[in-house]
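# Descriptive analysis of the structure
Here's the letter readout for the chains.
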Amino acid sequence: MKTELKKELSKISDFENPRISLEQYRTPPSLAADLLHTAYMQGDIEGQKVADLGAGTGMLSLGAALLGGNVTAVEKEEDAIRLLKENMEKLKLDLDIIQQDIEDFNNEADTILMNPPFSHHSDIGLKFWEKALEYGDSVYGISPRGMRERIKDFVGNSSHEVLAVEEFSISLPPSYGFHTEERHETEIDLIITRRKENGA
Ligand code: SAH
């Protein structure tokens with residue numbers, strides 16, 4: 001199933017002119033397939049209300065829709081939404097798209113998927129976590145290894161608990177913020193949380 005999924009996700013086009021300020025990069029299909037497969041096996045996708053925060057060109061949203069989730073993609077940037085719609089047609093999938101800044105997100109969801117921006121200049125990534133922990137019952141978030149302790153602290157102060165942290169290494173394209181011609185290996189985490197039984 002994971003191989004099939006990865007093959008299908010490889011059809012999703014990337015950002016044309018990635019906005020570094022918004023940390024636009026497409027989650028690699030193999031990592032997206034791992035995340036989606038894990039969530040699916042936990043019962044967090046099929047027939048569930050799934051929200052993808054910062055949906056970009058749709059890698060996580062479309063993957064979740066492929067696996068039978070009822071998906072809402074939340075994205076603020078125009079060009080990304082246009083590509084997301086194209087990808088939706090290409091894969092013949094249907095999902096709801098909300099053009100919105102994450103600051104304004106207030107929809108409850110069973111499951112939240114996200115690969116949010118983490119920049120040195122702002123705490124926007126933690127804002128994504130704040131929203132996900134408030135509105136989602138389960139959260140699957142990708143983040144740079146260096147953010148692990150801050151995110152865990154954040155989760156510790158919420159109604160969620162950390163279920164698992166899985167480690168991956170991904171290769172980012174040269175366009176992405178580094179002034180070199182080489183692809184850049186980056187250590188990242190998939191952090192999975194769930195609302196505690198007695199969580200409000
Ligand atoms: N989820 C996609 C894209 C990840 S890149 C994937 O996995 O491939 C992060 C995305 O978050 C970008 O598309 C960017 O435009 C969006 N984004 C950044 N800041 C945002 C904000 N404040 N509100 C909504 N979307 C935002």
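What this report covers is the structure whose coordinates are included nearby. This structure is a prediction, so every number in the text was calculated from the model and none was measured.

## Regarding the nonpolar core
- The biggest cluster of nonpolar side chains holds 35 residues, and the ones touching the most others in it are Leu 9, Leu 35, Leu 36, Ile 45, Leu 62 and Leu 113.
- Counting only elements with at least two residues in this core, the list comes to helix 1 (2-9), helix 2 (29-41), helix 3 (59-66), strand 2 (70-75), helix 4 (78-90), strand 5 (136-144), strand 6 (160-172) and strand 7 (184-195).
- Among the elements that make up this core, the one with the highest residue count is helix 2 (six residues).
- With residues near it in sequence (within four places) discarded, Leu 62 still touches Ile 12, Thr 57, Leu 84, Asn 87, Met 88, Leu 91, Leu 93 and Leu 95.

## Looking at the layout of surface pockets
- Approximately 450 Å³ is the volume found for the second largest pocket.
- Every residue lining the second largest pocket is counted, 29 residues in all, and those nearest its centre are Leu 22, Gly 54, Glu 75, Pro 117 and Phe 128.
- If you list the elements that add at least two residues to the lining of the second largest pocket, you get helix 3, strand 2 and helix 5 (124-135).
- Residue composition of the lining of the second largest pocket, grouped by class: 12 nonpolar, 10 polar and seven charged.

## Quick notes on empty space enclosed by the protein
- For the structure on display, the rule yields one cavity of 30 Å³ or more.
- In this structure, the largest cavity occupies an estimated 40 Å³ of space.
- Together, Lys 49, Val 50, Ala 51, Thr 72, Phe 105, Asn 107, Glu 108 and Ala 109 line the largest cavity.
- No other element matches the three residues that strand 1 (residues 49-53) contributes to the lining of the largest cavity.
- Across the lining of the largest cavity, the residue classes break down as four nonpolar, two polar and two charged.

## Some points on the site of the ligand
- The ligand sits among 22 residues. The nearest are Gln 24, Thr 27, Gly 54, Glu 75 and Ile 102.
- Here an oxygen atom of the ligand sits 2.6 Å away from a polar atom, N or O, in the side chain of Glu 75.
- Asp 101 places a side-chain nitrogen or oxygen 3.2 Å from a nitrogen atom of the ligand.
- Taken by itself the ligand offers 570 Å² of open surface, and the protein chains cover 99% of this.
- Using a 2 Å cut-off from the grid points, one finds that the ligand occupies the second largest pocket.
- Within the shell around the ligand, the residues separate by chemical class into 10 nonpolar, six polar and six charged.

Cut-offs used in this document
- Residues numbered from 1 in each chain as written.
- Predicted model: local features only at pLDDT ≥ 70, side-chain atom pairs only at ≥ 80, totals over all residues.
- Heavy atoms only, no water.
- Core = buried A, V, L, I, M, F, W, Y, C linked by side-chain atoms within 4.5 Å.
- Buried < 20%, exposed > 50% of the residue type's maximum accessible area, 1.4 Å probe, protein only.
- Helix = DSSP H or I, 4+ residues; strand = E, 2+ residues; numbered from the N terminus.
- Contact = heavy atoms within 4.5 Å.
- 1 Å grid on protein atoms, 1.4 Å probe; cavity = no way out; pocket = protein on both sides within 12 Å on 5 of 7 lines; lining within 4 Å.
- Points joined across faces, edges and corners; volume = space filled by probe spheres on them.
- Nonpolar A, V, L, I, M, F, W, Y, C, P; charged D, E, K, R; others polar.
- Near = heavy atom within 4 Å.
- Polar contact = N/O pair within 3.5 Å; in protein donor to acceptor, adjacent residues only side chain to side chain.
- Areas by Shrake-Rupley, 256 points an atom, 1.4 Å probe, with all protein chains shown as cover.
- Sits in = over half its atoms within 2 Å of the grid points.

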